[in-house]
Amino acid sequence: MRPEVRTFTADGPLPDQDADEEEIARRAEQLEAVPAPVTPEEARALAACFGPDDCYGVAWSLLHLVETAPGPVPPVTRPGPDAGDWRHTLWNRWGDGS
């Protein structure tokens, strides 16, 4: 896994919209530092970083970066009923892999 991905994923899920502007900007800068395309392994690690909301659009950037991974298999497993909206969104965009 490339260092830029490790740096982003080490900080865990994106903060919610109540986080301070500096934290949201810092996470956005970390994400922008990750060159596309990502590997399937990196996509799986990045997909674990969705937070509770769209984090002022940063979650959409994360989603689009995850989608740069090659391959027909989604980088996430089918989300359960308690999974966050972003995991469902990613699953729905990738389909069921068939």
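Model, not experiment: these values are computed from the prediction.

A. Quick look at the confidence of the model for the protein chain. Residue-level pLDDT values for the protein chain average 87, and 91% of them are 70 or greater. Mean pLDDT per element in the protein chain: helix α5 (residues 85–94) is the minimum at 78, and helix α1 (residues 3–10) is the maximum at 98.

B. Fine view of the environment of Thr-77. Examined against the element boundaries, Thr-77 turns out to sit in the loop between α4 (58–66) and α5. On the accessibility criterion, Thr-77 (59% relative accessible area) is exposed. The spacing of Thr-77 and Arg-44 is 33 residues in sequence and 9.2 Å in space, taken between C-alpha atoms. The residues contacting Thr-77, other than those within four sequence positions of it, are Arg-87 and Trp-91.

C. Geometry of the pattern of salt bridges. Scanning the model with the defined rule gives three salt bridges in all. A salt bridge links Asp-11 to Arg-26, with the shortest nitrogen-to-oxygen separation between them at 2.6 Å. With a gap of 15 residues between them, Asp-11 in the loop between α1 and α2 (21–32) and Arg-26 in helix α2 connect regions that are remote in the sequence. Note on Asp-11: relative accessible area 34%, which makes it partly exposed. Judged by its relative accessible area of 33%, Arg-26 falls in the partly exposed class. Across the pair Arg-26 and Glu-23 runs a salt bridge, and its minimum N-O distance is 3.0 Å. Note that Arg-26 and Glu-23 are positioned in helix α2 at a spacing of three residues, about one turn of the helix. Residues participating in the shared-partner salt-bridge network are Asp-11, Glu-23 and Arg-26.

Conventions adopted
- Residues numbered from 1 in each chain as written.
- Predicted model: local features only at pLDDT ≥ 70, side-chain atom pairs only at ≥ 80, totals over all residues.
- Heavy atoms only, no water.
- pLDDT = per-residue confidence, 0-100.
- Helix = DSSP H or I, 4+ residues; strand = E, 2+ residues; numbered from the N terminus.
- Buried < 20%, exposed > 50% of the residue type's maximum accessible area, 1.4 Å probe, protein only.
- Contact = heavy atoms within 4.5 Å.
- Salt bridge = Lys/Arg side-chain N within 4 Å of Asp/Glu carboxyl O.

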